[in-house]
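A structural walkthrough
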Amino acid sequence: MKALVQDLQLKGLQRRMDKIQTPVAAVVIMACNRADYLERTIKSILKYQNAVASKYPLFVSQDGSDPQVREKALSYDQLTHMQHLDSKPVQTERPGELIAYYKIARHYKWALDKLFHEYKFSRVIILEDDMEIAPDFFDYFEAAAALMEKDKTIMAVSSWNDNGQKQFVHDPEILYRSDFFPGLGWMLTKSTWNELSPKWPKAYWDDWLRLQENHKGRQFIRPEVCRTYNFGEHVDWKSKDLSYLMEDEYIKHFAEILKNAKPINGADAVLKASNVQGDVRVHYKDQPDFERIARQFGVFQEWKDGVPRTAYKGVVVFRYPPPRRVFLVGPKSFELLGIKSV
């Protein structure tokens, strides 16, 4: 029976891809037990995916046996439903840990192994079941896929900016490189998955990806304005020159912007930044100093394995207030960016 179901799934997918052009990426919604959330996410995706369905075959990967989630997924003939049934007991590594984190990591590995190795996609975009996508979501990832082909120092592309709240953003056309994995609507390649799959962690997979030993100095592309909620902007990504994001170009591009920002020293960084025309930079000495400054502005204070959330070469950039850019600059950032003195 299991083999028959898999065969029917493969045939159903093939019918949807018959027309065919090579897919840019499979799109998978990771679901578990929230049928109402899943429906909202599917509707948001189909609103923009229908026109590009052959480029972006759609999947729902269900973890567990919730009948409403299964019924909801199977009610759409525009997608393929996959179901992960795992009865193996979960052994947490530390007392008091939530089993859910272990189940999520297992589900991700199962789904990505299936999409890359059984369905043989070259790229996969991973979404969770509580997301809505922006109108230019698919164009964004198509442009990003071309970039990933040229630059192997890009480990993944995300549609998310952790500091993407409306008070910290301004330009929907700006993209950044980051040393910090953002997650939340992201794309990776088969070659990267082949590297990660054999050592995939038992739990906390997103924090695991943020460790130097796993990303190995590779970086992530993220937008200034998030692409995983409906903000109404639609950028024509096909007409945009994204060559500035290539590794050799980006370091020069970013260093030049940073050099031109006006330095702010001392206390009351928020007040001083508000009284300066144009972009500003605030230097921090160490992690506690960064956390103090970030707290003042209201942006993320979190670090992982020595990297602040959203940072590139130790620099965190956001708008405050828009359109002014604020750069929080680390003690080694100028050296890492090749900036001699300013």
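To be clear, the structure that these remarks concern was listed above.
These numbers were taken from a predicted model, which means no experiment stands behind them.

**Notes on the overall build of the chain**
- From N to C terminus, the chain includes 12 helices and 14 strands.
- Over its C-alpha trace the chain gives a radius of gyration of 21 Å, about what one expects of a compact globule, namely 20 Å for 342 residues.
- Judged by the C-alpha coordinates and their principal axes, the chain covers about 70 × 50 × 35 Å.
- Counting every position in the chain, which comprises 342 residues, the buried fraction comes to 52%.
- Put simply, 73% of the contacts in the chain that link residues at least 6 apart link residues at least 24 apart.
- For the chain, the computed accessible surface area is about 16300 Å², with 51% contributed by carbon and sulfur atoms.
- In the chain, which carries 50 positive and 46 negative side-chain charges, the distance between the mean positions of the two groups comes to 1 Å.

**Some words on the side chain of Thr228**
- Mapped onto the elements of the fold, Thr228 is located in the loop between β8 (219–223) and α9 (247–260).
- Apart from the residues lying within four places of it in its own chain, the contact partners of Thr228 are Leu127, Met131, Glu132, Ile133, Phe137, Ser159, Trp160, Leu184 and Gly185.

**Structural notes on the sheet that holds strand β10 (residues 280–283)**
- In space, the 4 strands of this open sheet follow the order β9-β10-β14-β13, with mixed pairing throughout. Unpaired on one side and paired on the other, β9 (262–264) and β13 (316–319) mark the two borders of the sheet. Recorded for the sheet is a direction-independent mean angle of 25 degrees between the axes of neighbouring strands.
- Of the strand pairs in this sheet, β13 and strand β14 (residues 325–329) are connected by 4 bridges, and their pairing is antiparallel. In the sheet register, Val316 faces β14, and the bridge partner there is Leu328.
- Against the sheet, α9 engages β9, β10, β13 and β14, with an angle of about 100 degrees to β14.
- Seen against the sheet, helix α11 (residues 287–297) touches β10, β13 and β14 and runs at an angle of roughly 165 degrees to β14.

**Quick word on the packing of helix α2 (residues 35–49) against helix α3 (residues 67–74)**
- Contact pair α2 / α3: the axes reach a minimum separation of 9 Å and the direction vectors enclose 20 degrees. Judged by the angle between their axes, α2 and α3 are roughly parallel. Seen along the crossing, α2 lies across α3 with a hand that is right-handed. Side by side, α2 and α3 meet where Ala35, Leu38 and Glu39 of the first sit next to Gln68, Val69, Lys72 and Ala73 of the second.

What counts as what
Residues numbered from 1 in each chain as written. Predicted model: local features only at pLDDT ≥ 70, side-chain atom pairs only at ≥ 80, totals over all residues. Heavy atoms only, no water. Helix = DSSP H or I, 4+ residues; strand = E, 2+ residues; numbered from the N terminus. Rg over C-alpha atoms; globule rule 2.2 N^0.38 Å. Buried < 20%, exposed > 50% of the residue type's maximum accessible area, 1.4 Å probe, protein only. Contact = heavy atoms within 4.5 Å. Areas by Shrake-Rupley, 256 points an atom, 1.4 Å probe, with all protein chains shown as cover. Lys, Arg positive; Asp, Glu negative; His and termini not counted. Charge placed at Lys NZ, Arg CZ, Asp CG, Glu CD. Pairing = 2+ DSSP bridges. Axes fitted to C-alpha atoms, helices over the stretch in contact; angles between N-to-C directions. Parallel < 35°, antiparallel > 145°, perpendicular 65-115°, else oblique. Left-handed = near helix turned anticlockwise from the far one by under 90°.

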